[in-house]
Amino acid sequence: MAGLEGYERPRRHASATAARWSPAVEDEHALKALELFGNPTEGEVPLPSRPESAAIARRLAQVVVLRTWRLSPKLTEDVVLLVSELVGNAVRHTGARVFGLRMERRRGWIRVEVRDPSRGLPCLMPVHELDLSGRGLFLVDKLSDRWGVDLLPRGKTTWFEMRACDR
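Residues numbered from 1 in each chain as written. Predicted model: local features only at pLDDT ≥ 70, side-chain atom pairs only at ≥ 80, totals over all residues. Heavy atoms only, no water.

**Q** Outline the overall build of the protein, listing residues and values.
**A** Scanning the protein for helices and strands turns up five helices and five strands. Ordered by position in the sequence, the α and β elements of the protein form the string α-α-β-α-α-β-β-α-β-β. Every one of the 167 residues in the protein was classed for burial, and the buried ones make up 40%. For the protein, restricting intrachain contacts to residue pairs at least 6 apart in sequence, the fraction spanning at least 24 positions comes to 64%. As presented, the protein carries roughly 10,800 Å² of accessible surface, and 53% of it is formed by carbon and sulfur atoms. (Helix = DSSP H or I, 4+ residues; strand = E, 2+ residues; numbered from the N terminus. Buried < 20%, exposed > 50% of the residue type's maximum accessible area, 1.4 Å probe, protein only. Contact = heavy atoms within 4.5 Å. Areas by Shrake-Rupley, 256 points an atom, 1.4 Å probe, with all protein chains shown as cover.)

**Q** Explain unusual backbone geometry to me, and be specific about the residues and the numbers.
**A** For residues that are not glycine, phi is negative in most cases, and the peptide bond is trans in most cases. Despite not being glycine, R70 shows a phi value in the positive range, around 55 degrees. Within the fold, R70 resides in the loop between α3 (53–68) and α4 (73–93). Residue classification places R70 among the exposed residues on the basis of a relative accessible area of 58%.

**Q** How would you sum up the side chain of D78? Please name residues and give values.
**A** Looking at where D78 falls in the secondary structure, it is placed in helix α4. A relative accessible area of 13% means that D78 is categorised as buried. In this view, D78 contacts L143 and M162; residues no more than four positions away in its chain are not counted.

**Q** Any details on the confidence of the model for the protein? Residues and values, ideally.
**A** On average, residues of the protein score 82 in pLDDT, and 78% of them are at 70 or above. Looking across the protein, the model is least confident in helix α1 (residues 14–20), with a mean pLDDT of 40, and most confident in strand β3 (residues 109–116), with 97. A low-confidence stretch, residues 1–23 stays under pLDDT 50, and its non-local contacts, those more than four residues away or across chains, total four contacts. (pLDDT = per-residue confidence, 0-100.)

**Q** Which residues make up the nonpolar core, and what values go with them?
**A** Residues V79, V83, V87, M103, I110 and F160 are the most contacted members of the largest nonpolar core, which totals 35 residues. Elements that contribute at least two residues to this core include exactly α2 (23–37), β1 (45–48), α3, α4, β2 (98–106), β3, α5 (136–143) and β5 (155–163). Setting aside its immediate chain neighbours within four residues, I110 contacts W69, L71, L75, V79, E104, R105, F160, E161, M162 and A164. (Core = buried A, V, L, I, M, F, W, Y, C linked by side-chain atoms within 4.5 Å.)

The following block contains the structure:
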């Protein structure tokens, strides 16, 4: 890593890492989020506009894409990342108390929407190598097949779509 030449990273023992994370535990958290907050494929799931809601939205996206729709782990990883970026923008930039998450699947495609009450449009900014923030929409633009914003009478919906093939 730049600036850390000559320093050795501390070594972690495999057993310590395994004790902290396991797919079964993550699945359990994701299923619990689905139970507590609702299924974003059945209707819009309202979430409080707080930073910790990003974790809830990621878990909901994970359980829907991987378990409900049975799509690939790679696609799931990309969707979870992009959900996190859209939710982060809604939390940081809109001043809303609540935002909504909705997910839809149709033949060959998935669509994820984040609705908030602000009519302020997100802006795709140029990204530079040393930037510490501002990469959210850049990632959405690069990883999704298409994305956009729909203005509503009260707010907007920011969305992305990705091609999805059954396994």
